[in-house]
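Here is what each chain is made of, one letter per residue.
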Amino acid sequence: MIIDTHTHIQFPAYDSDRSEVLRRACEKNIKIICVGTTLSNSLQAIELSRENFGDILATVGFHPSHLNLDWHFDKNELKKPEREILNIAEMEKLACAKEVVAIGEVGLDYYRLTNPEKEKKLQKEAMYRIMGVAQKLNKPLMIHCRPSKNSQDAYEDLLEMFKGFLPEADSPSMESFNGKIILHFFVGNLEIAKKFLNIGACFTFGGVITFSRDYDEVIKYIPSENIFLETDAPYVAPKLYRGKRNEPSYIIETAQKLAEIKNTSLENLLEIQEISFKRVFANSF
């Protein structure tokens, strides 16, 4: 069994052949966590999980880029250029579903900001409230964290947030976040990785590791028990399929590369993954 811990097969990018994509994954014994980026497509992820329970689990999330003043419409993600507003009460309601194993993807994205001061504040305020939902429901956070160019700023800010300082009166009351943390598509340096390991974080890596050596040092350092595989489909297909729409069945190439970097067998890597999955996530396959 291989687990794709972060994919978006509910997106419009799969509307024409979703059943075929799922069939190819099922034939290779690949299990899927379908990750929400808005509340509406989080609901779609839950419905997809209900239709395919045992093969698909879901998350409820709200991507931080949807909070930016200059909102970007991604036709792979949304059918129409209609901006959604974050509703914390609705997020919590959706996240109570038994199919939901995590809150995400949520976090901080500083890569494309038009008004950095205001947009960082908006993202942090939302993230504090989302952390409160995760803490209340005892579900892990699946985090999107993308720093500005040539910086580690978003990761540093995120670390400070987990220490529990509360700049806003309506932020959840907690001394520190004591839930589980999964850093999706980790792009931080070794120093940042060490800091997150100190608070028990896990990390996901996808197809980019098959064609870039930029991640090798960090991957070698992080214990295998703290690493999960992902596709982030439809984005960032592995080397063999580079330039094409990504899908869960392509994760095998990434798994093989991760095993190579970790200097272990694919079988051993997947055994560790399965054990770690049961330890970190609310439900298991």
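Predicted, not measured: the structure shown is a model, and the values here were computed from it.

(A) Inspection of the overall build of the chain at higher detail. Summing up its helical and strand segments, the chain has nine helices and eight strands in all. Projected onto its principal axes, the C-alpha positions of the chain cover 50 × 40 × 35 Å. Scored against the burial criterion, the 285 residues of the chain give a buried share of 56%. By sequence separation, contacts in the chain at least 24 residues apart represent 73% of the contacts at least 6 residues apart. Accessible surface for the chain amounts to roughly 12,800 Å². Of this, 47% is attributable to carbon and sulfur atoms. The chain carries 36 positive and 41 negative side-chain charges, and their two centres are separated by 2 Å.

(B) A look at the side chain of R18. Within the secondary structure layout, R18 lies in helix α1 (residues 18-27). Of note is the side chain of R18, whose polar atom sits 2.6 Å from the backbone oxygen of I9.

(C) Seen up close, the pairing of strand β2 (residues 30-34). In terms of burial, β2 is largely enclosed, as five of its five residues are buried. Here β2 shows a buried face lined by I30, I32 and C34 and a second buried face lined by K31 and I33. Pairing analysis gives four bridges linking strand β1 (residues 2-7) to β2, with the strands arranged parallel. Bridging from a neighbouring strand, I2 pairs with I30 of β2. Following the backbone out of β1, through α1 and into the adjacent parallel β2, one traces a crossover that is right-handed.

(D) Structural detail: the packing of aromatic side chains. Throughout the structure, instances matching the rule amount to 10 aromatic pairs. Relative to F196, the ring of Y155 has its centre 6.0 Å away and its plane inclined at 75°; by these criteria the two rings are edge-to-face. A residue pair is termed long-range when its members are at least 10 positions apart, and Y155 in helix α5 (residues 153-162) and F196 in helix α6 (residues 190-197) qualify at 41 residues. We note that Y155, like F196, is buried. Ring plane angle 75° and centroid distance 4.9 Å describe the contact between F186 and F203, whose orientation is recorded as edge-to-face. Residue F186 is found in the loop between β6 (181-184) and α6, and its partner F203 is found in strand β7 (residues 202-205); the two are separated by 17 residues along the sequence. The exposure classification of F186 matches that of F203, with both residues buried. An aromatic cluster is present here, built from Y155, F186, F196, F203, F205 and Y215 joined pairwise through their rings. The positively charged end of K120 is found above the aromatic ring belonging to Y110, 4.6 Å away from the centroid.

(E) Highlighting the sheet that holds β7. An order of β1-β2-β3-β4-β5-β6-β7-β8 is seen for the eight strands of this open sheet, with the pairing classed as parallel. Each edge of the sheet is formed by a strand with only one pairing partner; in this case those strands are β1 and β8 (227-229). In this sheet, adjacent strand axes meet at a mean angle of 30° when their direction is disregarded. With four bridges joining them, strand β5 (residues 141-146) and β6 adopt parallel strand pairing. Across the sheet, residue H144 finds its bridge partner in β6, namely H184. In this fold helix α2 (residues 39-51) packs onto β2, β3 (56-60) and β4 (100-109), with an angle of close to 160° to the strand it touches most, β3. The strands that helix α4 (residues 116-137) touches are β4 and β5; relative to β4, the one it contacts most, it runs at about 165°.

(F) Just the nonpolar core, in detail. In this structure, L141, F196, F203 and F205 are the most contacted members of the largest nonpolar core, which totals 76 residues. Excluding anything up to four places from it in sequence, F205 contacts F186, Y215, V218, I219, I222, I227, F228, L229, E230 and T254.

(G) Representation of the environment of A95. Along the polypeptide, A95 turns up in helix α3 (residues 88-95). C-alpha separation for the pair A95 and E84, spaced 11 residues apart in sequence, amounts to 17 Å.

(H) A look at the side chain of S224. In this fold, S224 is placed in the loop between α7 (216-221) and β8. Residues contacting S224, with those up to four places away along its chain left out, are K262 and I272.

(I) Region of interest: the environment of A154. Mapped onto the secondary structure, A154 falls in helix α5. For the pair A154 and D109, spaced 45 residues apart in sequence, the C-alpha separation works out to 6.8 Å. If near-sequence neighbours (up to four positions away) are discounted, A154 is found in contact with L108, Y110, C145, R146 and P147.

(J) Here's a closer look at the pattern of salt bridges. Under the definition given, this model contains 17 salt bridges. A salt bridge links R23 to E27, with the nearest nitrogen and oxygen atoms 2.6 Å apart. Residue R23 and its partner E27 are located together in helix α1, separated by four residues, close to a single helical turn. The class of E27 is exposed, set by a relative accessible area of 56%. Counted as one network, the salt bridges with shared partners bring together D17, R24, R245 and E247.

Cut-off values and rules
- Residues numbered from 1 in each chain as written.
- Predicted model: local features only at pLDDT ≥ 70, side-chain atom pairs only at ≥ 80, totals over all residues.
- Heavy atoms only, no water.
- Helix = DSSP H or I, 4+ residues; strand = E, 2+ residues; numbered from the N terminus.
- Buried < 20%, exposed > 50% of the residue type's maximum accessible area, 1.4 Å probe, protein only.
- Contact = heavy atoms within 4.5 Å.
- Areas by Shrake-Rupley, 256 points an atom, 1.4 Å probe, with all protein chains shown as cover.
- Lys, Arg positive; Asp, Glu negative; His and termini not counted.
- Charge placed at Lys NZ, Arg CZ, Asp CG, Glu CD.
- Polar contact = N/O pair within 3.5 Å; in protein donor to acceptor, adjacent residues only side chain to side chain.
- Pairing = 2+ DSSP bridges.
- Right-handed = clockwise from strand over helix to strand, strands pointing away.
- Phe/Tyr/Trp six-rings, centres within 6.5 Å; stacked < 30°, edge-to-face > 60°.
- Lys NZ or Arg CZ within 6 Å of the ring centre and 35° of its normal.
- Axes fitted to C-alpha atoms, helices over the stretch in contact; angles between N-to-C directions.
- Core = buried A, V, L, I, M, F, W, Y, C linked by side-chain atoms within 4.5 Å.
- Salt bridge = Lys/Arg side-chain N within 4 Å of Asp/Glu carboxyl O.

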